[in-house]
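Listed here are the chains, written in short residue letters.
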Amino acid sequence: MKVLILGATGRTGKIVLQRALEEGYEVNCLARNSIRIRKQNRLTVFEGNPTNTADLENAFSDCNAVISVLNVSRKSDFPWSKLRTPENYLSETMKVLIPIAEKRNVKRIVVCSAWGAAETKKDTPGWFRWFIDHSNIGAAYRDHERQEKLLSDSNLDWTIVRPVGLINSTKNQKVKESFDNNPKPNLIISRKTVGEYLIACMRNKALIKHSVVISAE
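If you're wondering where the values come from, they're calculated on a predicted model, not measured in any experiment.

Basis of the calculations
- Residues numbered from 1 in each chain as written.
- Predicted model: local features only at pLDDT ≥ 70, side-chain atom pairs only at ≥ 80, totals over all residues.
- Heavy atoms only, no water.
- Helix = DSSP H or I, 4+ residues; strand = E, 2+ residues; numbered from the N terminus.
- Rg over C-alpha atoms; globule rule 2.2 N^0.38 Å.
- Contact = heavy atoms within 4.5 Å.
- Areas by Shrake-Rupley, 256 points an atom, 1.4 Å probe, with all protein chains shown as cover.
- Lys, Arg positive; Asp, Glu negative; His and termini not counted.
- Charge placed at Lys NZ, Arg CZ, Asp CG, Glu CD.
- Salt bridge = Lys/Arg side-chain N within 4 Å of Asp/Glu carboxyl O.
- Patch = residues over 30% accessible without salt bridge, like charges linked within 9 Å, V, L, I, M, F, W, Y side chains within 5 Å.
- Buried < 20%, exposed > 50% of the residue type's maximum accessible area, 1.4 Å probe, protein only.
- Pairing = 2+ DSSP bridges.
- 1 Å grid on protein atoms, 1.4 Å probe; cavity = no way out; pocket = protein on both sides within 12 Å on 5 of 7 lines; lining within 4 Å.
- Points joined across faces, edges and corners; volume = space filled by probe spheres on them.
- Nonpolar A, V, L, I, M, F, W, Y, C, P; charged D, E, K, R; others polar.
- Polar contact = N/O pair within 3.5 Å; in protein donor to acceptor, adjacent residues only side chain to side chain.

**Student:** Just to check I follow, could you spell out the overall build of the chain for this structure?
**Tutor:** Counting its secondary structure elements, the chain contains six helices and 10 strands. By the compact-globule yardstick of 17 Å for 217 residues, the chain fits well, its C-alpha radius of gyration being 16 Å. With the principal axes as the frame, the chain shows a C-alpha extent of 45 × 35 × 35 Å. A fraction of 67% describes how many contacts in the chain between residues 6 or more apart in sequence connect residues 24 or more apart. Counting every atom, the chain has about 10600 Å² of accessible surface; 49% of that belongs to carbon and sulfur. Distance from the positive charge centre (34 side chains) to the negative charge centre (23 side chains) of the chain: 4 Å.

**Student:** I'm lost on the pattern of salt bridges in this one. Help?
**Tutor:** Where charged atoms of side chains with opposite charge meet at close range, the side chains can pair. Enumeration over the complete set of coordinates arrives at 14 salt bridges. In this structure, the salt-bridge partner of E57 is R104, at a minimum N-O distance of 3.1 Å. One end of the pair, E57, is in helix α2 (residues 53-59); the other, R104, is in the loop between α3 (89-103) and β5 (108-112), and 47 residues separate them in sequence. With a closest N to O distance of 3.0 Å, K95 and E92 form a salt bridge. One end of the pair is K95 and the other is E92, both in helix α3 and three residues apart, which spans about a single turn. Bridged by salt links that share partners, the residues R19, E23, K192, E196 and R203 form one connected network.

**Student:** Please clarify how a nonpolar patch on the surface should be interpreted in this entry.
**Tutor:** On the surface, F78, W80 and W130 cluster together into a nonpolar patch covering about 350 Å² of accessible area. Here W130 lies in helix α4 (residues 126-134).

**Student:** Just checking my understanding: could you explain the pairing of strand β6 (residues 157-163) for this structure?
**Tutor:** In terms of burial, β6 is largely enclosed, as six of its seven residues are buried. Both β6 and strand β10 (residues 210-216) contribute to a ladder of five bridges, which runs parallel. Paired with P163 across the strands is I214, a residue of β10.

**Student:** Explain unusual backbone geometry here, please?
**Tutor:** A negative phi holds for most residues other than glycine; trans holds for most peptide bonds. The amide bond that connects N182 to the next residue, P183, takes the cis arrangement and shows omega of -5°. Tracing the chain through its elements places P183 in the loop between β8 (175-178) and β9 (188-190). The phi dihedral of R42 falls on the positive side, at around 70°, and the residue is not glycine. In this fold, R42 is placed in the loop between β2 (26-31) and β3 (43-47).

**Student:** Sorry if this is basic, but what is going on with the layout of surface pockets here?
**Tutor:** One way to see where empty space is left: roll a probe the size of a water molecule over the atoms. Here the largest pocket defines a volume of roughly 1500 Å³. Lining the largest pocket are 47 residues, and of these R11, N71, V72, L166 and R191 sit closest to its centre. Along the lines of polarity and charge, the residues of the lining of the largest pocket split into 25 nonpolar, 13 polar and nine charged. Its boundaries defined by the atoms lining it, the second largest pocket holds a volume of some 170 Å³. Along the wall of the second largest pocket there are 15 residues; nearest its centre are E119, T120, F179, D180 and N181. Counting residues per element, the lining of the second largest pocket draws most heavily on β10, at four residues. Partitioned by chemical class, the residues of the lining of the second largest pocket number five nonpolar, five polar and five charged.

**Student:** Just to check I follow, could you spell out the environment of T51 for this structure?
**Tutor:** Following the sequence through the fold, T51 ends up in the loop between β3 and α2. Of the residues examined, T51 reaches a relative accessible area of 32% and is grouped as partly exposed. For the pair formed by T51 and S169, sequence separation is 118 residues and the distance between their alpha carbons is 32 Å. Not counting chain neighbours up to four residues away, the residues in contact with T51 comprise Y89, E92, T93 and V96. At 2.9 Å, the side chain of T51 and the side chain of N49 are in polar contact.

So, to be careful, I would describe these as geometric facts and stop short of saying anything about function.
Quick look at the structure:
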């Protein structure tokens, strides 16, 4: 299997890329600055923007699946920090990606969203809902919802993964999967665990056309 990874230069995306290569996948990556991705065996890096049809078409070359770890990012972790990417970056990418995937018969796509998007917002702590509503954190959540809607309306074999709060721990963790807030998720999970889970998702047919919240047990 050859997988296209979008967002491979991000903090979670780097882990997804390394895990995919460790498991023997052939990987294509599309990055706006390709020099940020180290050359490795079984890895082909394309430079470009995922909202550009020609760039994304090139990156799809011979791929069988897609993992997107893209996000609407801010210039720092400060909640009111200015956005680094357009506020519709995810949904505009998906508008380009879905027709390309359908044309090439690439059915499988796994997308990293976030706990607090769409119907899961009501399940998050009140203080966090306040930040979604009153800070620039909310831009990412609103666009996650737009891209999720585009995916759910498509004919692709999608899985939407919504991790809880991300930490940088390297410890091994057991994943708790929650559907419709059952069981109630815990509040944190490591980027390492999320990266591993996203790769495993591609082979899990039971998760096709499902959204899942993941946290660490």
